[in-house]
Amino acid sequence: MLGVAALVSSIALTLCYFILVPFINYFRDPKGLRKYPKLSFWSGISDLPFIYESHRGFRSNAVLKAHRQSPVVRIGPNALSFSSPKAIKDIYGHNTACTKDLFYQELAGSHFHLADVIDKSDHARKRKMLSSAYAIKNLEGWEHKVADMTGRMIRAFDARCMAPLVKGQDPSQQDLTVDYRMWSNLFTVAAIANIGLSEDLGFLDRGDDLITSEAADGTLKQVHFRECLSATAWAQSNLVWSYSWYKRFVTLSNLVSPTYRQKWRLNKDWDGIVRNRATTRFKRYQAGEKLDDFFTAILHDKAGTPNNLEWGEMVAEVSIMMNAGSDTTAIAMNNVMFLLLKHPACLNKLREELDGALDDDEDVAPYDKVKHLPYLRACLDESMRLLPPTTFGLPRRTPAEGAPVDGDFIAGHTSVSISSYIAHRDPTVFPEPEQYRPERWLGDAGKELQPYFIAFSAGARGCIGRNISYLEQMVVLASLLHRYEFALPHARWEPTRRENFNLSPGPMPLKIWKRKCLSDA
Ligand code: HEM
């Protein structure tokens, strides 16, 4: 009898917690959020509709459609999405009163890293520690590492070159020898491992991403880097949106879903990859090796004074470096190649610029020769405008006393965000936003667009790695387009795309052959 009573009361309590309390809160509306249109009928009551959209694979596109009705959309009981470019400064600008939202805390490991730390002074400490390593003046120091990786990519691509494509024909299946999505990712992981940890992963020489993962007990095994990182992003980006329930969702998904079980297992392997990178590099430091890389900046300042970080914090910084430092740039590289192949007039114009700047026999484009090429930069920026690698609305939290956003007063402790995918489609700033038009970035008109370009976010929490990313993107794209021709499988070919935290394209098989003018030279 007692058992039945306990069961009934726990069901009643659960129903009350999940249904009654959210309903009451919705109608009480203490923050005045009910006036905003909702992403879906239930979005004011529960985060589950947003979690459902995540599983469908392209949240930002669903939010974009909702923004056609309103510049502010309620995407969860406590979460607003903005679309107006005016909201950028309020949410992300240098003087914003908003902080990173609880989202970052939920996803953090035992220690915060530069990207997920919430406390502003702790962030300032970390950013100061790492800023010299990432500074623009240090790019020269990293250029030879990027050049080395580009040279290896060229060797791999030379070996996969086919006979030129016959005009008017599509490549045959066996001629599609380069999965550019994979190769650009092998490149960025290998490059950041070299720049960040002085480690040679050999990915570009072998053409695979096999890497050692180290369990907490020291057991080692070989895993695939891309599979582990992508499974982690898939699972986390599906479930995190109901912050207070996230940890329970992780447990539950592990119990009931074989797919999730597999993803969380790969997530452990991802942690093991990071652990092994950190322990491997630390052993070299202990052995007295003096290495010029980001890890050195984590260990001590330029004068050699130790930073005395806890081991967990060092591992966390290695984690964000290997993650943010590889996935985003690889997506950007893939997208710009795709868009240029889809827009031959832009590709020809870029080739003309590159051929004017580079010698015929130059394999790897020297950064000095390409860094100021206006059309190259315009092609990259237009690609990151149309398809920003990181598409989701980066969640910020209003301060306790509330804050103005886009002319509205938003109550305290509310989650606010603006997705770059949406902001970059504002036709008042970017006319014909769905068109790939690098020309819009040229000259003074192009400079005026910069405050509305948020692929790297903005303000104090903007991307610290953007200079490294431009270095990699420019050198690789210039070198490859100068040396090769590429063809997509056919004229209407499109990649699959899934939005985890980044908008991740699927494989992009290409045919590749040497450019005639160069092979004749
Ligand atoms: C196309 C390439 C890249 C894109 C689109 C990109 C985008 C972004 C964005 C949107 C943020 C803000 C994240 C947030 O607020 O949650 C960010 C922050 C960050 N990015 Fe990047 N990123 C790129 C390349 C890189 C590279 C190459 C590195 C490292 C080498 C890097 C390291 C970081 C770090 C550490 C942060 C946190 C900065 C802070 O909070 O102070 N990123 N990035």
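- The name an unreviewed UniProt entry assigns to the chain is Cytochrome P450 oxidoreductase, from the organism Capronia epimyces CBS 606.96.

Focus: the overall build of the chain
Move 1: The number of helices and strands found in the chain is 22 helices and 14 strands.
Move 2: For the chain, whose C-alpha radius of gyration is 24 Å, the value lies close to the compact-globule estimate of 24 Å for 521 residues.
Move 3: Looking at the chain as a whole, 56% of its 521 residues qualify as buried.
Move 4: Approximately 23,400 Å² of the chain is accessible, and the part contributed by carbon and sulfur atoms is 57%.
Move 5: Of the charged side chains in the chain, 64 are positive and 59 negative; the average position of the first set lies 5 Å away from that of the second.

Here we look at helix H18 (residues 374-386)
Move 1: Its 13 residues give H18 an end-to-end C-alpha distance of 18 Å, which sits within 8% of 18 Å, the value for a rise of 1.5 Å per residue.
Move 2: Buried residues along H18 sit against helix H15 (327-342), helix H16 (344-357), helix H17 (367-370), helix H19 (420-423) and helix H21 (466-483).

Some details on the site of the ligand
Move 1: Neighbouring residues of the ligand: 28 residues in total, closest Tyr 104, His 123, Arg 127, Arg 396 and Cys 463.
Move 2: A distance of 3.1 Å is found between an oxygen atom of the ligand and a side-chain nitrogen or oxygen belonging to Lys 100.
Move 3: Among the residues making up the shell around the ligand, the classes are represented as 14 nonpolar, 10 polar and four charged.

Topic: the sheet that holds strand E10 (residues 415-418)
Move 1: Across the sheet, which stays open at both edges, the five strands sit in the order E1-E2-E10-E7-E3 with mixed pairing between neighbours. Either end of the sheet is taken by a strand with one partner, and the two such strands are strand E1 (72-76) and strand E3 (99-100).
Move 2: Here four bridges tie strand E2 (residues 79-82) to E10, and the two strands are oriented parallel to one another. Paired with Leu 80 across the two strands is Val 416, which belongs to E10.

Observations concerning the packing of helix H2 (residues 48-56) against helix H10 (residues 225-239)
Move 1: Relative to each other, H2 and H10 sit at 155°, their axes nearing to 7 Å. The orientation of H2 relative to H10 falls into the category roughly antiparallel. Here H2 contributes Ile 51, Ser 54 and His 55 to the contact with H10, which in turn contributes Ser 237, Asn 238 and Leu 239.

Examining the coordination of the iron atom of the ligand
Move 1: For the iron atom of the ligand, the protein supplies a single donor, Cys 463 (SG), at a distance of 2.3 Å.
Move 2: Mapped onto the secondary structure, Cys 463 falls in the loop between helix H20 (443-449) and H21.

Describing the side chain of Thr 414
Move 1: Turning to its location among the elements, Thr 414 is positioned in the loop between strand E9 (408-410) and E10.
Move 2: Under the relative-accessibility criterion, Thr 414 is labelled buried at 0%.

Comments concerning the pairing of E1
Move 1: Of all five residues that make up E1, five are buried, and the element is covered over most of its length.
Move 2: Turn length for the E1-E2 hairpin, with the two strands adjacent in sequence and antiparallel, is two residues.

Here we look at the pattern of salt bridges
Move 1: Counted by the stated rule, this structure contains 34 salt bridges.
Move 2: Among the salt bridges present, the one from Lys 369 reaches Glu 362, with a minimum N-O distance of 3.1 Å.
Move 3: It is possible to trace a salt-bridge network through shared partners that takes in Asp 122, Arg 125, Lys 126, Glu 313 and Glu 317.

What about H16?
Move 1: With 14 residues, H16 should reach 20 Å at 1.5 Å per residue; the first-to-last C-alpha distance of 20 Å fits that figure.
Move 2: Taken together, the buried residues of H16 touch H15, H17, H18, H21 and strand E11 (484-487).

What about the packing of H15 against H18?
Move 1: Direction vectors running N to C along H15 and H18 enclose 105°, while the axes themselves pass 9 Å from each other. The angle between H15 and H18 places the two elements in the roughly perpendicular class. For the pair H15 and H18, contact is made by Ala 332, Asn 335, Val 336, Leu 339 and Leu 340 and by Cys 379, Leu 380, Ser 383, Met 384 and Leu 386, respectively.
Move 2: Taken together, the residues that form the contact of H15 with H18 break down as eight nonpolar, two polar and no charged.

Considerations on the nonpolar core
Move 1: Counting residues in hydrophobic clusters, the biggest one holds 149 residues, and the most contacted among them are Phe 157, Tyr 180, Leu 340, Val 370 and Phe 486.
Move 2: Among the elements that line this core, the one with the most residues is helix H8 (residues 180-197), at 11 residues.
Move 3: When residues no more than four places from it in sequence are discounted, the contact partners of Tyr 180 are Met 153, Phe 157, Met 333, Asn 334, Met 337, Val 476, Leu 480, Met 508 and Leu 510.

Digging into the packing of aromatic side chains
How two aromatic rings sit relative to each other is set out by the distance from centre to centre and by the angle between their planes.
Move 1: Here the structure, examined in full by the defined rule, presents 32 aromatic pairs.
Move 2: Ring centres 5.7 Å apart and planes at 85° place the aromatic pair Phe 157 and Trp 183 in the edge-to-face group. Note that Phe 157 is positioned in helix H7 (residues 139-158) and Trp 183 in helix H8, a separation of 26 residues in sequence. Residues Phe 157 and Trp 183 agree in their burial class; the two are buried.
Move 3: Ring geometry for Tyr 180 versus Phe 486: centroids 6.2 Å apart, planes at 65°, classification edge-to-face. Highlighted residues: Tyr 180 in helix H8 and Phe 486 in strand E11, separated in sequence by 306 residues.
Move 4: Following the ring pairs from residue to residue traces out a cluster consisting of Phe 50, Phe 103, Tyr 104, Trp 241, Phe 392 and Phe 501.
Move 5: Across from the ring centre of Trp 234, 4.9 Å away, lies the NZ or CZ of Lys 263, which sits over that ring.
Move 6: The ring of Tyr 470 is capped by Arg 377, whose NZ or CZ atom sits 3.7 Å from the centre of that ring.

Definitions and cut-offs
- Residues numbered from 1 in each chain as written.
- Predicted model: local features only at pLDDT ≥ 70, side-chain atom pairs only at ≥ 80, totals over all residues.
- Heavy atoms only, no water.
- Helix = DSSP H or I, 4+ residues; strand = E, 2+ residues; numbered from the N terminus.
- Rg over C-alpha atoms; globule rule 2.2 N^0.38 Å.
- Buried < 20%, exposed > 50% of the residue type's maximum accessible area, 1.4 Å probe, protein only.
- Areas by Shrake-Rupley, 256 points an atom, 1.4 Å probe, with all protein chains shown as cover.
- Lys, Arg positive; Asp, Glu negative; His and termini not counted.
- Charge placed at Lys NZ, Arg CZ, Asp CG, Glu CD.
- Expected span 1.5 Å × (residues − 1).
- Contact = heavy atoms within 4.5 Å.
- Near = heavy atom within 4 Å.
- Polar contact = N/O pair within 3.5 Å; in protein donor to acceptor, adjacent residues only side chain to side chain.
- Nonpolar A, V, L, I, M, F, W, Y, C, P; charged D, E, K, R; others polar.
- Pairing = 2+ DSSP bridges.
- Axes fitted to C-alpha atoms, helices over the stretch in contact; angles between N-to-C directions.
- Parallel < 35°, antiparallel > 145°, perpendicular 65-115°, else oblique.
- Donors = N, O, S within 2.8 Å, 3.2 Å for Na, K, Ca; no water.
- Salt bridge = Lys/Arg side-chain N within 4 Å of Asp/Glu carboxyl O.
- Core = buried A, V, L, I, M, F, W, Y, C linked by side-chain atoms within 4.5 Å.
- Phe/Tyr/Trp six-rings, centres within 6.5 Å; stacked < 30°, edge-to-face > 60°.
- Lys NZ or Arg CZ within 6 Å of the ring centre and 35° of its normal.

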